[in-house]
Amino acid sequence: NLFFHELFHATYYVPSSVDVNENLANFVARKATLQFLQNDTAELHKFLKTMQDDSIYNNFVFKGYETLKTFYASSQNQDRGLRMRKKEDLLIKIYKESFHLKLHFPKRFKEYNKQILISKNSFFVDAHRYDGLSDSLNQVFNKKYGGNIKNMIESLKSRTK
């Protein structure tokens, strides 16, 4: 999956669009990995479970992102110290919620969970940077490209020429 992600960066790049580049690379890498593993039932099954976990975890993180966004919007006029304490409490709450996710491979996310408390806002921003557009990309992929990854890549490559 990582190989296909990096290979896509070498194939397609939009200057000054980190979010688009990373979202596309993740999206294409997943689709390419699925194709690559189609004849290896055991590895395909494991990868599909990994993708399910990623989806569950990303949805959890995106919910946390929205919770923090709402918190910031509603607490702009609060005392800075009070606001920071409430933010820390909110991050701890999100962190604790992460242990209740129903995942196939929960150990994969142990270090990610720690980053909620260590990286704080940047953890949530990074998640959006890499996967925030996946639903939109999936819609375009199915509607415009008929679910064909090769057609999608060829179309994107033709735009960079």
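Placed above this text is the structure.
So, a few notes on the structure that sits alongside this text. Keep in mind that this is a model prediction, so the values were computed, not measured. (Residues numbered from 1 in each chain as written. Predicted model: local features only at pLDDT ≥ 70, side-chain atom pairs only at ≥ 80, totals over all residues. Heavy atoms only, no water.)

Focus: the overall build of the protein
Move 1: A count of helices and strands for the protein gives 8 helices and 0 strands.
Move 2: N-terminal to C-terminal, the α/β element order of the protein is α-α-α-α-α-α-α-α.
Move 3: By its C-alpha atoms, the protein is 55 × 40 × 25 Å across when sized along the principal axes.
Move 4: Taking all 161 residues of the protein together, the buried fraction comes to 32%.
Move 5: Within the protein, counting contacts between residues at least 6 apart in sequence, those at least 24 apart form 64% of the total.
Move 6: Looking at the protein, you have 26 positive and 17 negative side-chain charges, and the mean spots of the two groups are 2 Å apart. (Helix = DSSP H or I, 4+ residues; strand = E, 2+ residues; numbered from the N terminus. Buried < 20%, exposed > 50% of the residue type's maximum accessible area, 1.4 Å probe, protein only. Contact = heavy atoms within 4.5 Å. Lys, Arg positive; Asp, Glu negative; His and termini not counted. Charge placed at Lys NZ, Arg CZ, Asp CG, Glu CD.)

Thoughts on the layout of surface pockets
In this approach, a probe sized like a water molecule rolls over the atoms, and the result shows the empty space that is left.
Move 1: In this structure, the largest pocket spans a volume of roughly 680 Å³.
Move 2: In terms of lining, the largest pocket is formed by 23 residues, of which the most central are N26, N58, Y112, Y130 and D131.
Move 3: The set of elements that each furnish at least two residues to the lining of the largest pocket consists of α1 (2-11), α2 (18-36), α3 (41-74), α5 (110-118) and α6 (121-131).
Move 4: Broken down by class, the residue content of the lining of the largest pocket amounts to 9 nonpolar, 8 polar and 6 charged. (1 Å grid on protein atoms, 1.4 Å probe; cavity = no way out; pocket = protein on both sides within 12 Å on 5 of 7 lines; lining within 4 Å. Points joined across faces, edges and corners; volume = space filled by probe spheres on them. Nonpolar A, V, L, I, M, F, W, Y, C, P; charged D, E, K, R; others polar.)

Topic: the packing of α2 against helix α7 (residues 134-145)
Move 1: At a minimum axis separation of 10 Å, α2 and α7 run at an interaxial angle of 55 degrees. Relative to α7, the element α2 is oriented oblique. Along this stretch, α2 crosses α7, giving a crossing that reads as right-handed. Contacts from N23, L24, F27 and K31 in α2 reach S134, L137, N138 and F141 in α7.
Move 2: Residues of the contact of α2 with α7, tallied by class, amount to 4 nonpolar, 3 polar and 1 charged. (Axes fitted to C-alpha atoms, helices over the stretch in contact; angles between N-to-C directions. Parallel < 35°, antiparallel > 145°, perpendicular 65-115°, else oblique. Left-handed = near helix turned anticlockwise from the far one by under 90°.)

Digging into the environment of D19
Move 1: For D19, the location among the structural elements is in helix α2.
Move 2: For D19, a relative accessible area of 35% translates into the label partly exposed.

Here's the deal with the nonpolar core
Move 1: Counting residues in each nonpolar core, the largest one holds 16 residues, and the members touching the most others are Y57, F60, V61, I94, I116 and F124.
Move 2: Contributions of two or more residues to this core are made by α3, α4 (80-97) and α6.
Move 3: Considering every element that reaches this core, the biggest residue donor is α3, with 6 residues.
Move 4: Each residue touching V61, except ones within four places of it in the same chain, is listed here: F123, F124 and A127.
Move 5: Y12, L24, L137 and F141 belong to the second largest nonpolar core, which has 12 residues in total. (Core = buried A, V, L, I, M, F, W, Y, C linked by side-chain atoms within 4.5 Å.)

A look at the side chain of N58
Move 1: With respect to the helices and strands, N58 occurs in helix α3.
Move 2: Beyond its immediate stretch of four places on either side in the chain, N58 contacts R30 and D131.

Considerations on the pattern of salt bridges
Move 1: All told, the structure shown has 7 salt bridges when counted by the stated rule.
Move 2: R129 is the partner of D19 in a salt bridge, and the nearest nitrogen-oxygen pair spans 2.7 Å. Linking D19 in helix α2 with R129 in helix α6, this pair joins segments that are 110 residues apart in sequence.
Move 3: A relative accessible area of 30% means that R129 is categorised as partly exposed. (Salt bridge = Lys/Arg side-chain N within 4 Å of Asp/Glu carboxyl O.)

Everything listed is a geometric property; what it means functionally is a separate question.
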